[in-house]
Amino acid sequence: MKINPAFVEKILTSFIREEMGKAGFKKGILGLSGGVDSAVCAILAARALGPKNVIALIMPYGKGFGSDLDDARRLSKFLKLDTRTIDISPMVDAYFKKHPTDKLVLKGNKMARERMSILYDWSAREKSLILGTSNKSELLIGYGTLHGDLACAFNPLGDLYKTQVRALATHLGVPEPIRTKAPSACLWPGQTDESEIGLTYAELDEILERLVDGRESEDEVVARGYPRSRVARIARLIRKSEFKRQMPPIAKISARTIGHDFLYPYDWNK
Amino acid sequence: MKIALAQISPVLGDVARNLDLHLETIEKARRAKADLLVFPELSLTGYRLRDLAAETARDPRSSREFKALRAAGRGLSVIVGFVEESPEEPGLFYNSAAFLVQGEITHIHRKIFLPNSGMFEELRFFARGRTVRAFETPWGRAGLLICRDFLHLNAHYLLFAGGAGISITVSAAPGRGVAGEDGFATSRMWEVTGEAVARLTTSVVIYCNRSGFEDGAAFAGGSFIFDPFGNLVARARYVESDFLLAEIDPADIRRARRAMTFKRDDRPEVTLANLERIIHRDED
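The shown structure was predicted, so the numbers you read here are calculated from the model rather than taken from an experiment. (Residues numbered from 1 in each chain as written. Chains lettered and ligands numbered in written order. Predicted model: local features only at pLDDT ≥ 70, side-chain atom pairs only at ≥ 80, totals over all residues.)

Time to look at the overall build of chain B. The helix and strand tally for chain B stands at 8 helices and 14 strands. The C-alpha radius of gyration computed for chain B amounts to 18 Å, which stays within 12% of the reference 19 Å derived for 284 residues, consistent with globular compactness. On the principal axes, the C-alpha backbone points of chain B span a range of 55 × 45 × 45 Å. Residue burial in chain B is summarised as follows: out of 284 residues, 46% are buried. Within chain B, counting contacts between residues at least 6 apart in sequence, those at least 24 apart form 68% of the total. (Helix = DSSP H or I, 4+ residues; strand = E, 2+ residues; numbered from the N terminus. Rg over C-alpha atoms; globule rule 2.2 N^0.38 Å. Buried ≥ 20, exposed ≤ 12 C-beta atoms within 10 Å, placed from the backbone. Contact = placed C-beta atoms within 7 Å.)

Along the backbone of chain A there are 12 helices and 4 strands. Taking 270 residues into account, the globule formula puts the C-alpha radius of gyration at 18 Å, and chain A, at 19 Å, falls close to it. Judged by the C-alpha coordinates and their principal axes, chain A covers about 50 × 50 × 50 Å. Looking at chain A as a whole, 36% of its 270 residues are labelled buried. Put simply, 71% of the contacts in chain A that link residues at least 6 apart link residues at least 24 apart.

What follows concerns the sheet that holds strand E4 (residues 128–130) of chain A. Strand pairing in a sheet relies on backbone hydrogen bonds, with the paired strands running either antiparallel or parallel. Residues and elements named next belong to chain A. Read across the open sheet, the 4 strands follow the order E3-E2-E1-E4; overall the sheet is parallel. A strand with exactly one partner marks an edge of an open sheet, and here the two such strands are strand E3 (82–85) and E4. Each strand of the sheet is rotated relative to its neighbour by a mean of 25°, with strand direction disregarded. The strands touched by helix H2 (residues 36–49) within the sheet are strand E1 (27–31) and strand E2 (54–58), with E1 carrying the most contacts at an inclination of about 170°. (Pairing = 2+ DSSP bridges. Axes fitted to C-alpha atoms, helices over the stretch in contact; angles between N-to-C directions.)

This paragraph deals with the nonpolar core. Ranked by size, the top nonpolar core spans 78 residues in total, and within it Ile3(B), Leu37(B), Val38(B), Ile79(B), Val80(B) and Ile206(B) carry the most contacts. Within the second largest apolar cluster, 59 residues are counted, among which are Leu44(A), Ala48(A), Met116(A) and Ile178(A). (Core = buried A, V, L, I, M, F, W, Y, C linked by C-beta atoms within 7 Å.)

Attention now moves to helix H1 (residues 5–23) of chain A. Residues and elements named next belong to chain A. Here H1 contains 19 residues, and its C-alpha end-to-end distance of 27 Å stays within 8% of the 27 Å for a straight helix at 1.5 Å per residue. Here H1 has its buried residues at Val8, Leu12, Ile16, Glu19 and Met20. Within H1, the buried residues cover an arc of 95° as seen down the axis, which keeps them to one side. For H1, exposure combined with an orientation more than 90 degrees from the buried face picks out Ala6, Phe7, Lys10, Ser14 and Gly21. Tucked into the core, H1 has its buried residues touching E1, H2, E4 and helix H7 (162–172). Looking one or two residues past H1, glycine 24 carries a phi angle of roughly 80°, positive in sign. (Expected span 1.5 Å × (residues − 1). Arc of directions from axis to C-beta.)

Backbone geometry at Arg215(A) places phi at a positive 55°, although glycine is not the residue there. Tracing the sequence through the fold places Arg215(A) in the loop between helix H10 (201–213) and helix H11 (218–223). A positive phi angle is found at Asp215(B), which is not glycine, with a value near 50°. Residue position: Asp215(B) is located in the loop between strand E10 (213–214) and strand E11 (217–218). Residue class for Asp215(B) comes out partly exposed when judged on the 16 C-beta atoms lying within 10 Å of it.

This next bit is on the pairing of strand E4 (residues 94–101) of chain B. Residues and elements named next belong to chain B. For E4, the tally of buried residues reaches 7 of 8 residues, placing the bulk of the element in the interior. Judged from the 8 bridges that link them, strand E3 (residues 77–84) and E4 form a sheet pairing that is antiparallel. Its bridge partner being in E4, glutamate 84 is matched across the sheet by tyrosine 94. In terms of strand pairing, E4 meets strand E5 (residues 104–110) through 6 bridges, oriented antiparallel. Note that in E5 the partner of alanine 98 across the bridge is isoleucine 108. Counting the residues between successive antiparallel strands, the hairpin from E4 to E5 contains 2 residues, one of them, glutamine 102, with a positive phi of roughly 50°.

As a further point, take the environment of Phe184(B). Residues and elements named next belong to chain B. Within the element layout of this structure, phenylalanine 184 appears in the loop between strand E8 (166–170) and helix H5 (185–201). When the C-alpha positions of phenylalanine 184 and glutamate 88 are compared, they lie 41 Å apart, and in sequence the two are 96 residues distant. Once residues lying within four places of it in the same chain are set aside, the contact partners of phenylalanine 184 are Gly175, Arg176, Gly177, Val178 and Ala220.

Attention now moves to the sheet that holds E5(B). All names here are of chain B. Pairing is mixed across the open sheet formed by 6 strands, whose spatial order is E5-E4-E3-E2-E1-E14. Each edge of the sheet is formed by a strand with only one pairing partner; in this case those strands are E5 and strand E14 (242–247). The mean angle between the axes of side-by-side strands here comes to 25°, regardless of whether they run parallel or antiparallel. Across 6 bridges, the pairing between strand E1 (residues 2–7) and E14 is antiparallel. Note on E14: the bridge partner recorded for glutamine 7 is aspartate 242. Against the sheet, helix H1 (residues 15–31) contacts E1, strand E2 (36–38), E3 and E14, and its axis sits at roughly 145° relative to E2.

Residue and element names in this part refer to chain A. Listed in full, the buried residues belonging to H10 are Tyr201, Leu204, Asp205, Ile207 and Leu208. Against helix H6 (136–141), H7, helix H9 (193–197), H11 and helix H12 (228–240) lie the buried residues of H10. Just past H10, the residue arginine 215 takes up positive phi, approximately 55°.

All names here are of chain A. For the pair H1 and H7, interaxial distance at closest approach is 9 Å and the crossing angle is 90°. On the basis of the axis angle, H1 is roughly perpendicular to H7. Here Pro5, Ala6, Val8 and Glu9 of H1 lie close against H7, whose contacting residues are Ala167, Leu168, His171 and Leu172. Within the contact of H1 with H7, the residues separate by chemical class into 6 nonpolar, 1 polar and 1 charged. (Parallel < 35°, antiparallel > 145°, perpendicular 65-115°, else oblique. Nonpolar A, V, L, I, M, F, W, Y, C, P; charged D, E, K, R; others polar.)

This part takes up the confidence of the model for chain B. Overall, the prediction assigns chain B a mean pLDDT of 96, with 99% of residues at 70 or greater. As scored by the predictor, the complex reaches a pTM of 0.88 and an ipTM of 0.77. (pLDDT = per-residue confidence, 0-100.)

Here we come to the packing of helix H4 (residues 89–98) of chain A against helix H5 (residues 104–125) of chain A. Residues and elements named next belong to chain A. Contact pair H4 / H5: the axes reach a minimum separation of 10 Å and the direction vectors enclose 135°. Considering the angle they form, H4 stands oblique to H5. Handedness of the crossing formed by H4 with H5: right-handed. Facing H4, whose interface residues are Met91, Val92, Tyr95 and Phe96, H5 presents Lys107, Lys110, Met111 and Glu114. When its residues are assigned to classes, the contact of H4 with H5 shows 5 nonpolar, no polar and 3 charged. (Left-handed = near helix turned anticlockwise from the far one by under 90°.)

Rendered as structure tokens:
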């Protein structure tokens, strides 16, 4: 779980610069939520590209939930990012006025996809590439909205567990309130990741690291003293969310099929 | 000799459910009075396993699933495809097929030619087998190959030279090309090869493929049996699941080898001498 944050910063800023350069872009764009993942990503982008080349979109639903809106604004100001604030409540409310639901998850997904839609619109307006901010913990258990917050051009944080993102945040000087607040997907008021997942990130990451990086079987992890129900649930979440980590399958019928045997590197012709 | 080909669609990565499917199918074959039941390649695990290869691997001597298969397999012979890992070689996973006679494993073949181009990536996940060996069965000497092995001439020759009169291939061959009249274009390749091998080795050629989709790739089905004269005995449906029952006469092997004396006239020592020369680059 331990990382050398200075070295990770070096790798990730190089990665951001290189991805931009290869794709022929100078500017990056990202959604700034007020949470630690997007804060870390914003700082990395600012250091890699210069703050003028980083567009931060703050997209609260109305006045937002809790202190996130203020934290996001303060951070973008402090980092001197090119910042826009766009309230997503008119779009989201217009939709749910016509198609009401009381399911919070449906509303949350709609908000995540509304933000995605705006991010892609602004990335085209500003000729900028979208930086993803999903961390390894979320990606592995599928705690993200497909075509919502999971959508991006490239993702510097996807191989860092939440615990490691926090270590990097401390190193990068992410302000205290952002670092210490309870992580939340901000899909509804009072929501926190850890209450929804039913585990703290520290507990989750420890088991994920054993299952994934350590290639340990569920039985082996349980034998180390972790509760079986917890290990089994995490393993099930990983299995159930594979579809969020891959492109959808294409029915192969021809001699050469995209994704099957039409295989080029992502960096093709860059 | 009554042969049953189980052209099934295993559940990818779910050994428990696939075991149930095997046990049901064995019962079906028993009721149909089949002498030999053939399952496709990796029938216990599914094909496109990737990292699941390590997690679905079994030691056939000790695994619970093989215990169940051995118990169920009494009264007939069964060929099962699985991922093999033995305690002698921990961390090495073979794409294997086991031949069970009356519930006892009499032969295991480890796939030798692992396809690793285009849509295939078996070398990333499997270790390579090294041996092609004909073995005794209740119907005479036979040989077992897995999928791509079938498309390598030397695999057939080694079985032929080793005395096999029945050549069995288990397969998980996806289909490509949809311009033809029936089935995928690639099914022709397997059928033409099957007929040619039956004729050239004067052997019964049994080919059991699978059905279903995995990650979008369709398996082509079309399992078949050729007699030692190269006549098509039976063919299963293309693409869909099927259970093919067909009768062959092992005495045809003798008849074919009297008529076409390829086996009598074969000179493996000439082959060996020439291979030695080729391998050691001793040009003439």
